[in-house]
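Understanding the architecture of this molecule
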Amino acid sequence: MSNPATYAEGPFTAITSKLNEYEGNAVVNVYLVEGGTENALIDTGIHSGYKDIQKVLTDKGIGYGDIKYVLNSHEHMDHVGNNAAVVRDYGAKIGTHPKYKDWVANNQLNAEMLVHRFEEGKSWDLQQEYLSWMGPESAPVDFEIEDGDKVEVGNVRLDIVGLPGHSLAEVGFHHADSNILIVLDLLLLPNDVVIYLHEDPDITLASHAKLSQFIRENGVQTVLSAHGQPCSAEEAIAWSNECADRVRNIAASVLRNIREAPGIGFVELRDVVCEEFGKSKEWRALITINGHVESLLRKGLIVTQGNGWAVA
Ligand SMILES: [Zn+2]
Ligand SMILES: [Zn+2]
């Protein structure tokens, strides 16, 4: 990708924290939105990155009462980890999508609904896998943000763009005045140790199509993301297409493995698919594989057989 310095930043400042090696040595970006008289944060990152956020805010003279909103893109731990700290230290109100707002407001529930969603994931430790990424406190949700909503932060008007799939509650943020679109985890990097996480493949593919169309129709010039570098409209569309190909490749693998081993069960299916793509056999992959199985059942391409599935 091109030098990030060549991209417009508009009213946004990326605050970047390093993730651990398990996440492919990637980063997570939180975005400070400066609207003149008011400020907001898009996401709050991970617990260990809070010092990075505090440093940027302190350098800019932003203190208690100066962050009006936290706008959460979705419920995952690397995006909501400092919600309670930002409420405590800056007096922010928390806005998130209604679908999983109860999870955003309760770290323990959030961890259980992700890591322990399925019986087969219950051997994974909530503290290690999820809770340790977040601060010790949870913060209540104050308002909801959904596709089509507008949020004003001083002189910055953000349009909320629903981009569900990775999480069914995910939203992006469009700033028409600077032609910048912030897309969070719909765009993930291919070298992640973890298989491309999506709750529902069909909804994910629809969001990728929507994203490309939105970029073209609205004249978006710069796309900012949670775990990658800033990129141009054309780069973002290529990245989105590559993510959509990953979804289709996983779908093809799931169907082929069910055809080759009639009656194959959930964990075995997760393992063979992850092996095929060189990904970690863990709890997030259960969510992705489950989404594909449900999609294939809906389409009548597979049926249940014993404790697993076979082609129809
Ligand atoms: Zn996520
Ligand atoms: Zn993320």
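Criteria and thresholds
- Residues numbered from 1 in each chain as written.
- Chains lettered and ligands numbered in written order.
- Predicted model: local features only at pLDDT ≥ 70, side-chain atom pairs only at ≥ 80, totals over all residues.
- Heavy atoms only, no water.
- Donors = N, O, S within 2.8 Å, 3.2 Å for Na, K, Ca; no water.
- Helix = DSSP H or I, 4+ residues; strand = E, 2+ residues; numbered from the N terminus.
- Buried < 20%, exposed > 50% of the residue type's maximum accessible area, 1.4 Å probe, protein only.
- Pairing = 2+ DSSP bridges.
- Contact = heavy atoms within 4.5 Å.
- Axes fitted to C-alpha atoms, helices over the stretch in contact; angles between N-to-C directions.
- Right-handed = clockwise from strand over helix to strand, strands pointing away.
- Tetrahedral: all angles 85-135°; square planar, octahedral: opposite > 155°, others 65-115°.

1. Things to note about the coordination of the zinc ion (ligand 2)
Where a metal carries four tetrahedral donors, each ideal angle is 109.5 degrees; where it carries six octahedral donors, the ideal angles are 90 or 180 degrees. Donor atoms from the polypeptide that bind the zinc ion (ligand 2) are Asp 78 (OD), His 79 (NE2), Asp 185 (OD) and His 227 (NE2), placed at 2.1 to 2.2 Å. Separating the zinc ion (ligand 2) from the zinc ion (ligand 1) is a gap of 3.6 Å, bridged by Asp 185, which donates to each. In this pair, Asp 78 sits in helix α2 (residues 77–80) while Asp 185 sits in the loop between β10 (180–183) and α7 (201–217), placing the two residues 107 residues apart along the sequence.

2. Section: the pairing of strand β8 (residues 156–162)
Of all seven residues in β8, six are buried; the element is thus mostly enclosed. Pairing analysis gives four bridges linking strand β7 (residues 150–153) to β8, with the strands arranged antiparallel. If you follow Val 153 over to β8, its bridge partner there is Val 156. Counting the residues in the hairpin turn of β7 and β8 gives two residues, including Gly 154, whose phi is positive at 55 degrees. Sheet topology note: the β8/strand β9 (residues 171–175) ladder contains four bridges and is antiparallel. By the bridge assignment, Val 161 is partnered in β9 with Gly 172.

3. Some words on the environment of Ser 73
Within the secondary structure, Ser 73 is located in the loop between β4 (67–71) and α2. As for Ser 73 and Tyr 100, which are separated by 27 residues in sequence, their C-alpha atoms are 11 Å apart. The residues contacting Ser 73, other than those within four sequence positions of it, are Asp 43, His 79, Ala 169, Glu 170, Val 171, Phe 173 and Leu 184.

4. Focus: the sheet that holds β7
Spatial strand order, β7-β8-β9-β10-β11-β12: six strands in an open sheet with mixed pairing. Single-partner strands in this sheet number two, and they are β7 and β12 (231–232). Of the strand pairs in this sheet, β10 and strand β11 (residues 222–225) are connected by four bridges, and their pairing is parallel. Within β11, the residue paired with Leu 181 across the bridge is Val 223. Contacting β8, β9, β10 and β11, α7 runs over the sheet at an angle of about 165 degrees to β10.

5. A word on unusual backbone geometry
In this structure, Asp 43 takes a positive phi of about 70 degrees despite not being glycine. As for its position among the elements, Asp 43 is in the loop between β3 (39–42) and α1 (50–59). The phi dihedral of Asn 179 is positive, around 55 degrees, even though this residue is not glycine. Within the secondary structure, Asn 179 sits in the loop between β9 and β10.

6. With respect to the pairing of β4
Burial analysis of β4 places four of its five residues in the buried class, which makes it a mostly covered element. The pairing of β3 with β4 spans four bridges and is classified as parallel. Paired with Ala 40 across the bridge in β4 is Tyr 69. In this fold, the crossover linking β3 to β4 by way of α1 has right-handed handedness.

7. Digging into the sheet that holds β4
Pairing is mixed in the open sheet, where six strands are placed in the order β1-β2-β3-β4-β5-β6. Single-partner strands in this sheet number two, and they are β1 (12–18) and β6 (143–144). Each of β3, β4 and β5 (93–96) touches helix α3 (residues 83–90); the most contacted strand, β4, lies at about 175 degrees to it.

8. Observations regarding the coordination of the zinc ion (ligand 1)
Coordination sphere of the zinc ion (ligand 1), protein contribution only: His 74 (NE2), His 76 (ND1), His 166 (NE2) and Asp 185 (OD), at 2.1 to 2.3 Å. For the zinc ion (ligand 1), the four donor atoms in the first shell make angles of 91 to 170 degrees at the metal, so the coordination geometry reads as irregular. For His 76, a relative accessible area of 6% puts it in the buried group. Residue His 166 is classed as buried on the basis of its relative accessible area, which comes to 3%.

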